[in-house]
Amino acid sequence: MYLVAKFDLDGTTYNEVVFFQDDAIDTIKGCEREIMYGRRGGWQVYTHITRAARGFTYTTSYACASGGQRFSDWDRSGMRPRDNVFSVTIENDVLNVVSHGSYSKCMASVRQRGGESRQQFCGKSAQRLLTP
């Protein structure tokens, strides 16, 4: 079960994405409950702080999805470069992530599938998609 956090850099088409996973949350309902707590400032499991780059602001959105893909751990320090570009699709609460060589290639792929939406977008990440 993943909590997918999407950070939109306001005024741009640029997004960052983080895939949170913890064995303490193993259902969509549990994940949605965590989002409810988090929106009130009371994250129980996925405690995180977001900091926009100087002079910019972020809009953050969250989604819950199950999936068989695995990711490297999230870098809490925020110091690791966001070198990985992913197209993220959540359909019927199932997460599908595809790695792309560049943000422009990712956007072209997403546009071919109908364009960006809350459930389909590109995002840069410091996390890596791990092979099984």
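Scroll up to find the structure this text is about.
Residues numbered from 1 in each chain as written. Predicted model: local features only at pLDDT ≥ 70, side-chain atom pairs only at ≥ 80, totals over all residues. Heavy atoms only, no water.

Caption draft 1: Structural context of the pattern of salt bridges. Under the definition given, this model contains 2 salt bridges. A salt bridge links K6 to D8, with the shortest nitrogen-to-oxygen separation between them at 3.5 Å. (Salt bridge = Lys/Arg side-chain N within 4 Å of Asp/Glu carboxyl O.)

Caption draft 2: Examining empty space enclosed by the protein more closely. Applying the stated criterion across every chain, the model contains 1 cavity of 30 Å³ or more. A volume near 50 Å³ is recorded for the largest cavity. Lining of the largest cavity is provided by V4, K6, S61, Y62, A63, I90, R118 and F121. For the lining of the largest cavity, the element with the highest residue contribution is strand β3 (residues 58–65), accounting for 3 residues. Counted by class, the lining of the largest cavity contains 5 nonpolar, 1 polar and 2 charged residues. (1 Å grid on protein atoms, 1.4 Å probe; cavity = no way out; pocket = protein on both sides within 12 Å on 5 of 7 lines; lining within 4 Å. Points joined across faces, edges and corners; volume = space filled by probe spheres on them. Helix = DSSP H or I, 4+ residues; strand = E, 2+ residues; numbered from the N terminus. Nonpolar A, V, L, I, M, F, W, Y, C, P; charged D, E, K, R; others polar.)

Caption draft 3: Inspection of the packing of aromatic side chains at higher detail. Scanning the entire structure with this criterion turns up 9 aromatic pairs. Both rings, one in F19 and one in F86, keep their centres 5.9 Å apart while their planes meet at 70°; by these two values the pair is edge-to-face. Of the two residues, F19 is situated in strand β2 (residues 15–20) and F86 in strand β5 (residues 84–91); the sequence distance between them amounts to 67 residues. Both residues of the pair, F19 and F86, belong to the buried class. On the numbers, 6.3 Å between centres and 80° between planes, the contact of F71 with F86 is edge-to-face. Here F71 is found in strand β4 (residues 70–71), whereas its partner F86 is found in strand β5, with 15 residues between them in sequence. Residue class for F71 comes out buried when judged on its relative accessible area of 9%. Seen from the ring of F121, K6 lies directly overhead, with NZ or CZ sitting 4.7 Å from the centre. (Phe/Tyr/Trp six-rings, centres within 6.5 Å; stacked < 30°, edge-to-face > 60°. Buried < 20%, exposed > 50% of the residue type's maximum accessible area, 1.4 Å probe, protein only. Lys NZ or Arg CZ within 6 Å of the ring centre and 35° of its normal.)

Caption draft 4: Local environment of the state of the cysteines. For the structure shown, the criterion picks out 2 disulfides. Here C31 engages in a disulfide with C64; their sulfurs sit 2.1 Å apart. As the torsion about the S-S bond is roughly -85°, the C31-C64 disulfide counts as left-handed. Of this pair, C31 sits in helix α1 (residues 28–39) while C64 sits in strand β3, and the two are 33 residues apart along the sequence. Looking at C31, the relative accessible area reads 0%, which means it is buried. With its sulfur 2.1 Å from that of its partner, C106 forms a disulfide with C122. Judged by the sign of its S-S torsion, about -105°, the bond between C106 and C122 is left-handed. Of this pair, C106 sits in helix α2 (residues 103–112) while C122 is found in strand β7 (residues 120–125), placing the two residues 16 residues apart along the sequence. On the basis of relative accessibility, which here comes to 0%, the residue C106 falls in the buried class. Its relative accessible area of 0% is what places C122 among the buried residues. For the protein, the bonded cysteines connect in the pattern 1-2, 3-4 when numbered consecutively along the sequence. (Disulfide = S-S within 2.5 Å.)

Caption draft 5: α1, seen in detail. For α1, spanning 12 residues, the distance from its first C-alpha to its last is 17 Å, which sits close to the expected 16 Å at 1.5 Å a residue. Residues G30, C31, E34, I35 and G38 constitute the buried set of α1. Taken end-on, α1 shows its buried residues confined to a sector of 145°, consistent with a single buried face. When the buried face of α1 is taken as reference, the exposed residues oriented beyond 90 degrees from it are K29 and R39. (Expected span 1.5 Å × (residues − 1). Arc of directions from axis to C-beta.)

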